[in-house]
Structure formats: C-alpha cells, structure tokens
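Residue strings, one per chain:
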Amino acid sequence: DGSFITTNFHMEGAGAFMNGFGELFADPAKSFLSPRKKKLFEKLAAAAGETMQIRFWADIDLGGFCMFENLQTVFPQLEPMRMEGRFVEQYHKNGLKRPEQYLKKLKEERNAGRHTLFVDAIDKILQYGVTIEQSLPCSAECSLAIAFKG
C-alpha cells in the first residue's frame, strides 16, 4: 500500500540527537518534550503532513501514556500501537509488578478523566497489578512509526 519509516526513541543519556539508524536519544527522566526536542518533532510533523499515518509504541504504563499524549500535541494524527488492554491481558504473567502507591496514582489519573485512549489498558493494569515493559531491558524505548499513505 505504501512505505513507512520507524524511528526508535531510546530514553537514555543526555541531550537529544539522531544517529545514523534514525534513532533519537533523549533525557531518560523526561516524558515531556524539551524546547529543542519539540522543534525537531515539529520539523518531522511538518514533513509528515496529513498524508502520513503516525503510530507510537511504548511501555504500557503511566510513562508510556504521558509520552504518547505529549507527542500528540505535535502530531495530532498520532495513534497508539500495541498499547491496548488486550496486550496487558495477553502478557500480564510476564508483567512488572507495581506497588499499591503506583496503582492508586494510576486509578486517580483514570478517575480524573486523563489518558482516555488508554482506559482499557489502565483497567487491565489495575486488574492484574502489573504494567507491560515493551522496551529493551537496559533502556526505556518507544517507537514512532510514520507511514506514507498510497
């Protein structure tokens, strides 16, 4: 149907830069966009235009939901990929056990009307008490896929 580009974002190290493999490296403690990162993403968004489908894949947890929502301010057409409740259901036996304090915070966020695209995943996280790590063991990784439509 069309072509696509996938960019992996490894949340490790300081600063932000693209390497030769299309990977963006950024500050691990931040799930928000710094002014420099936001400018870079705005350039990517302008190049993508409305003719490209853009999907985002990250851990199925509060950090992944926040990263998605922050990127969605730059890419309005952004869609989550592999972050639905069915993936929590499928992989909960291998999930990361979360403390009650984390689950309480997640429930408060859901009840306050936040992270509406991820309510099914949040409900499964609360049901099983685990989140799903979809990244490499030594880094917090998320992916942004840009697909050119026909």
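As shown above, the structure is provided for reference.
Treat the numbers as computed from the prediction; the structure is a model and nothing was measured.

Draft legend 1. Local environment of the overall build of the protein chain. When helices and strands are tallied, the protein chain shows 5 helices and 8 strands. Going from N to C terminus, the protein chain has its helices and strands arranged as β-β-β-α-β-α-β-α-β-α-α-β-β. In the protein chain, which comprises 150 residues, the proportion classed as buried is 40%.

Draft legend 2. Molecular detail of the nonpolar core. Counting residues in hydrophobic clusters, the biggest one holds 27 residues, and the most contacted among them are F56, I60, F65 and F75. At the level of elements, helix 1 (35–48), strand 4 (52–57), helix 2 (62–72), helix 3 (85–91), helix 4 (100–111) and helix 5 (119–128) are the ones that each hand at least two residues to this core. Not counting residues within four places of it along the chain, the set of residues in contact with F65 comprises I60, M83, L106, H115, F118, A121, I122 and I125.

Draft legend 3. Fine view of the pattern of salt bridges. If you walk through the whole model with that rule in mind, you get 7 salt bridges. Among the ionic pairs, E89 bridges to K124, the shortest N-O distance being 2.8 Å. Separated by 35 residues along the polypeptide, E89 in helix 3 and K124 in helix 5 bring together distant segments of the chain. Assessed through its relative accessible area of 31%, E89 is described here as partly exposed. In this structure, R110 and D123 form a salt bridge, with 2.5 Å as the shortest nitrogen-oxygen distance. Remark: D123 occurs in helix 5 and R110 occurs in helix 4; sequence separation between them is 13 residues. Through salt bridges with shared partners, one network takes in D61, R98 and E133.

Draft legend 4. Focus on unusual backbone geometry. Of note, R82 is a non-glycine position whose phi angle comes to about 60°, a positive value. On the accessibility criterion, R82 (31% relative accessible area) is partly exposed. A positive phi angle, near 60°, is found at H115, a position not held by glycine. Of note, H115 is situated in the loop between helix 4 and helix 5.

Draft legend 5. The packing of helix 4 against helix 5, seen in detail. Where helix 4 contacts helix 5, the two axes come as close as 10 Å, and the packing angle between them is 150°. Classified by the angle between their axes, helix 4 and helix 5 sit roughly antiparallel to one another. Like other packed secondary-structure pairs, helix 4 and helix 5 cross with a definite hand, here left-handed. Only V119, I122, D123, I125 and L126 of helix 5 make contact with helix 4, whose side of the interface consists of L103, L106, K107 and R110.

Draft legend 6. Focus on the side chain of H115. Classification of H115 as buried rests on a relative accessible area of 4%. Engagement of the side chain of H115 in a polar contact is seen with the side chain of E109, the distance being 2.8 Å. Leave out the neighbours within four places in its chain, and H115 touches L62, F65, C66, E69, E109 and I122.

Draft legend 7. Structural view of helix 5. Of all the positions in helix 5, only A121, I122 and I125 are classed as buried. One side of helix 5 holds all its buried residues, which, seen down the axis, span an arc of 100°. Trailing helix 5 by a residue or two, G129 shows a phi angle of about 75°, which is positive.

Draft legend 8. Just the packing of aromatic side chains, in detail. Under the definition given, this model contains 4 aromatic pairs. Arranged with centres 6.1 Å apart and planes meeting at 80°, the rings of F41 and F75 form a pair that is edge-to-face. Residue F41 is found in helix 1, and its partner F75 is found in the loop between helix 2 and strand 5 (79–80); the two are separated by 34 residues along the sequence. Exposure remark for F41: the relative accessible area of 2% places this residue in the buried category. The class of F75 is buried, set by a relative accessible area of 1%. One aromatic cluster is present, built from ring pairs that chain together F56, F65, F68 and F118.

How each quantity is defined
Residues numbered from 1 in each chain as written. Predicted model: local features only at pLDDT ≥ 70, side-chain atom pairs only at ≥ 80, totals over all residues. Heavy atoms only, no water. Helix = DSSP H or I, 4+ residues; strand = E, 2+ residues; numbered from the N terminus. Buried < 20%, exposed > 50% of the residue type's maximum accessible area, 1.4 Å probe, protein only. Core = buried A, V, L, I, M, F, W, Y, C linked by side-chain atoms within 4.5 Å. Contact = heavy atoms within 4.5 Å. Salt bridge = Lys/Arg side-chain N within 4 Å of Asp/Glu carboxyl O. Axes fitted to C-alpha atoms, helices over the stretch in contact; angles between N-to-C directions. Parallel < 35°, antiparallel > 145°, perpendicular 65-115°, else oblique. Left-handed = near helix turned anticlockwise from the far one by under 90°. Polar contact = N/O pair within 3.5 Å; in protein donor to acceptor, adjacent residues only side chain to side chain. Arc of directions from axis to C-beta. Phe/Tyr/Trp six-rings, centres within 6.5 Å; stacked < 30°, edge-to-face > 60°.

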